[in-house]
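Secondary and tertiary structure notes
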There are 2 protein chains.
Amino acid sequence: MPGQRILLSHGEGGKKSRDLIRKIIAKRFENPILSPLFDSGLLGRLDGEIAFTTDGYVVTPAIFPGGDIGRLAVCGTLNDLSVCGARPVAISCALILEEGFPVETLETILDSMKTAAAEGDVVVACGDTKVVEKGSADGIFITTSGVGIACGGWRPAPENVRPGDRIILTGTMGDHQAAVLIARNRLELAAEILSDVAPLSSMLLDVLSAFGGSVRFMRDPTRGGVGVSLNEMAESSRARIVLDESRLPVAEAVRGVCEILGFDPIYLANEGKALLIVDGKSADPIIETLRKARYGRNAAVIGKVTEGPPGVLMKTVIGGLRAVDYPVGDQLPRIC
Amino acid sequence: MPGQRILLSHGEGGKKSRDLIRKIIAKRFENPILSPLFDSGLLGRLDGEIAFTTDGYVVTPAIFPGGDIGRLAVCGTLNDLSVCGARPVAISCALILEEGFPVETLETILDSMKTAAAEGDVVVACGDTKVVEKGSADGIFITTSGVGIACGGWRPAPENVRPGDRIILTGTMGDHQAAVLIARNRLELAAEILSDVAPLSSMLLDVLSAFGGSVRFMRDPTRGGVGVSLNEMAESSRARIVLDESRLPVAEAVRGVCEILGFDPIYLANEGKALLIVDGKSADPIIETLRKARYGRNAAVIGKVTEGPPGVLMKTVIGGLRAVDYPVGDQLPRIC
């Protein structure tokens, strides 16, 4: 609907709300669970242990190189299920729209959600739409939740992490945040940087099917990047993680942006990557499996678990050993 | 934490985010599913058909007579599960906070969520917190999702609605929206009006356990009130609903506010009421059961299903018959 904008009356529960929901939103996600528009989506019986997750998305700009807030909202929730070993079954879509938001942009974002949901093989089972006055929100915020079924009984087992385990990262660091920063600062670069936003479910569930308990623990390094996620993993598994700086995969263009803007790629958000702590003996075959997947081509062993007090250290390229702590300085808001 | 305010750094994934999440948020909701702070809450096996729902809450003011956005966010999601016949099992809590929001107010709201979740007998299984710059949101927005298990296989059956069925409303109309309007307009009234925000799960599931398929279809008349919900119910069940104006329960004070502000209580939002379409023969015993419950004391039969084309009509107190359509004029934004 070119030129049309979201009005307050689109959120007030009357005819306009109904038209927006039916003709613009639910129409795109049409499926037998959503379509009756009951107050809940009825998923039927789910055989297995259930995982449940939620994330709010407030990224700015809402459309960035390589993706948009819609793709992000779907993939982020699918990935949160996947790193907990759950096959995504259904997601929800709750929109908060600012009065005046272009309907055409909303349609683009919903189309992205639809495409990402299809790629991740989930239905949108329920949703909600609220509209707030101009100035009371910034364009569009999306909160998605997800329900999944644990794959073959696997569950995160930080307590099983032990010295000799390897740390795997499924690809290059920082692409998402670098792409958002470039879009936000309107930087002109020679090399294009695209967000890595992608659904990892099928890749990670393939690894779990093949390697089960050899995979101890997984996280997706979003806000705070690999640096923060590894610190959290070290804490919950009481493990000492030693990274090998020379093995950390970073795209050349992202490294360049980090130098210009003064960021360390280890703290930049990723939206299509996972960190795995795996049994040392299985690391090579797991890397081989990951590299065959569309989103795992640059998977690498980036470090290992050693004896010693919990924490994250890095063996630098010049041979030193430095602590990788939580970031001290300010990162940036609204990256995801 | 008196005097403290939310900072952008509370949303950036570093130490401040971690402290906010652990010490202020997760601490309140502590339970074995949430506490490992994995990327998903692991609910275990759920035996039965699963219902899944979501709603965003943007009500202003965030604290109003009778409740706040926290209680609203929990009860709204519990009620969306309950009217679909599902016993709530777990909810999620996704916060979007504006930079500068008082931490003390956040704590009040989280305490309300905790109390409402305990009353509704659900755990908060997962959550997320984002912070946006001052001016990019209005204080606090909360999106909750819920997972529940269908009670004894009951499911909404609009297709079973038939002439002779009765329409039940579980209490007075419009209390929530009237309370919010009074708070927003700083009206001084002789009689206090409190929002009806409440979890209806136990009351509605008791009715379903006792009366099963005699209950055809339920909705909670939130945005757009009884008027809009009944129109949607008439549409999906292809039923002609005739209301009896003299039987519509409205508190005296709410009627007064409606006269002052020019609203029709039939279109005002409720947050602790349900509409039921039930088999005519079971209407009286269902009313009896409802009236024994804390939130059903004013339950009443307000109309019936008759032969004729789908729609909602009202037999007025002076004996006429008028159409109750979707509201034409503007309602008000941010009531829930």
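Residues numbered from 1 in each chain as written. Chains lettered and ligands numbered in written order. Predicted model: local features only at pLDDT ≥ 70, side-chain atom pairs only at ≥ 80, totals over all residues. Heavy atoms only, no water.

**Section: empty space enclosed by the protein**
How we decide: Every definition here rests on a 1 Å grid over the protein atoms only: cavities are sets of points where a 1.4 Å probe fits but cannot get out, pockets are open sets enclosed by protein on both sides within 12 Å along at least five of seven lines, and lining residues have some atom within 4 Å of a point. Grid points are joined across faces, edges and corners, and a volume is the space filled by probe spheres set on the points. For this scheme, ten residues count as nonpolar: Ala, Val, Leu, Ile, Met, Phe, Trp, Tyr, Cys and Pro. Four count as charged, namely Asp, Glu, Lys and Arg, and the remainder, Gly too, count as polar.
Enumeration according to the criterion identifies five cavities of 30 Å³ or more in this entry. In this structure, the largest cavity occupies an estimated 90 Å³ of space. For the largest cavity, the lining is made up of 14 residues, of which A:Arg223, A:Leu332, A:Ile335, B:Gly11 and B:Glu12 are closest to its centre. Its residues placed into classes, the lining of the largest cavity shows six nonpolar, four polar and four charged.

**Overview of the environment of A:Ile6**
Residue and element names in this part refer to chain A. Which entries qualify depends on this criterion: Helix numbers and strand numbers start at the N terminus; a helix is a DSSP run of H or I with at least 4 residues, a strand a run of E with at least 2. Buried means the residue's accessible area, taken with a 1.4 Å probe over protein chains only, is under 20% of the maximum for its type, while exposed means over 50%, and partly exposed covers the values in between. Residue contacts are defined here by distance: any two heavy atoms, one from each residue, within 4.5 Å place the two residues in contact.
Inspection of the secondary structure puts Ile6 in the segment before helix H1 (15–29). Look at Ile6 and you get buried, because its relative accessible area is 1%. Counting along the chain gives 68 residues from Ile6 to Val74, while the straight-line C-alpha distance between them is 22 Å. If near-sequence neighbours (up to four positions away) are discounted, Ile6 is found in contact with Leu20, Leu97, Glu98, Glu99, Gly100, Phe101, Val103, Leu106 and Val131.

**Observations concerning the sheet that holds strand E2 (residues 49–57) of chain A**
Inclusion rule: DSSP-based pairing: two strands are paired if at least 2 bridges between them are found. Lines are fitted to the C-alpha atoms to define the axes, a helix being fitted only along its stretch in contact, and any angle between axes, read from their N-to-C directions, falls within 0 to 180 degrees.
The five strands are arranged E6(A)-E5(A)-E7(A)-E2(A)-E1(B) in an open sheet whose pairing can be described as mixed. Of all strands in the sheet, those with a lone pairing partner are strand E6 (123–132) of chain A together with strand E1 (41–45) of chain B, marking the two edges. Taken over all neighbouring pairs, the strand axes of this sheet differ in orientation by 15 degrees on average, direction set aside. When strand E5 (residues 86–98) of chain A meets E6(A), the two strands line up parallel, connected through nine bridges. What sits directly across from A:Glu98, in E6(A), is A:Val132.

**Topic: the packing of aromatic side chains**
Selection rule: Only Phe, Tyr and Trp rings take part, Trp by its six-membered ring, and two of them pair if their centres are within 6.5 Å. Stacked means planes under 30 degrees apart, edge-to-face means over 60, and tilted covers everything else.
Using the criterion set out here, one finds four aromatic pairs over all chains in the structure. Consider the rings of A:Phe38 and B:Phe217, whose centres lie 6.0 Å apart with planes at 65 degrees: the pair is edge-to-face. With one member in each of two chains, A:Phe38 in the loop between H1 and strand E1 (41–45) and B:Phe217 in strand E9 (residues 215–219) form a pair that bridges those chains. Across the pair, B:Phe217 and A:Phe38 agree in class, each one buried.

**Quick notes on the interface of chain A and chain B**
The condition that has to hold: Note on definitions: buried area is the accessible-area loss of two parts on being combined, 1.4 Å probe, summed for both. Salt bridges are defined as contacts in which a side-chain nitrogen from Lys or Arg sits within 4 Å of a carboxyl oxygen from Asp or Glu. Any pair of N or O atoms that falls within 3.5 Å is considered a polar contact. Within protein, one atom must be able to donate a hydrogen and the other to accept it, and sequence-neighbouring residues count only if both atoms are side-chain atoms.
In this assembly, 78 residues from chain A lie in contact with 78 residues from chain B. When the two sides are added together, the surface that chain A and chain B hide from each other amounts to roughly 6,300 Å², 57% of it contributed by carbon and sulfur. Contact with chain B buries area across many residues of chain A, yet A:Asp39, A:Phe52 and A:Arg223 alone supply 13% of it, more than any other trio. Counting every contact that joins chain A to chain B gives 14 salt bridges. We note a salt bridge from B:Arg45 to A:Asp47, for which the minimum N-O separation is 3.1 Å. Seen at the junction of chain A and chain B, the total is 35 residue pairs in polar contact (both at pLDDT 80 or more). Here the side of chain A that touches chain B is composed, by residue class, of 35 nonpolar, 21 polar and 22 charged.

**Considering the relation of the copies chain A and chain B**
For clarity, the cut-off: The fit set for superposing copies consists of C-alpha atoms from residues with pLDDT of at least 70 in both; the fit itself is least squares.
Structural alignment of chain A on chain B gives an RMSD of 0.0 Å, achieved by rotating through 180 degrees and translating 0.0 Å along the axis. Expressed as a symmetry operation, the mapping of one chain copy onto the other fits a two-fold axis. Of the C-alpha atoms belonging to chain A, the one lying closest to the rotation axis is found on A:Ala137, 2.0 Å away. Both copies present the same face, since 100% of the interface residues in chain A are matched by interface residues at the equivalent positions in chain B.

**Side note on the domain arrangement of chain A**
All names here are of chain A. Rule in force here: Note: domain ranges come from an automatic or database domain assignment.
One can read the domain layout of chain A as domain 1 (8–150) and domain 2 (158–323). Put simply, the middle of domain 1 and the middle of domain 2, counted by C-alpha atoms, are 27 Å apart. Across the contact, 22 residues belong to domain 1 and 24 residues belong to domain 2. Taken over both partners, the interface formed by domain 1 and domain 2 buries close to 1,800 Å², and the fraction arising from carbon and sulfur atoms is 64%. Considering only the surface of domain 1 that becomes buried against domain 2, Pro65, Asn79 and Val83 emerge as the three largest contributors, covering 32% of it. At the junction of domain 1 with domain 2, the criterion picks out one salt bridge. Counting across the domain 1 and domain 2 interface gives eight residue pairs in polar contact (both at pLDDT 80 or more). Mapped by element, the contributors of at least two residues to the side of domain 1 that touches domain 2 are helix H2 (69–82) and E5. Looking at which element gives the most residues to the side of domain 1 that touches domain 2, the answer is H2, with eight residues. In terms of residue class, the side of domain 1 that touches domain 2 is made up of ten nonpolar, eight polar and four charged.

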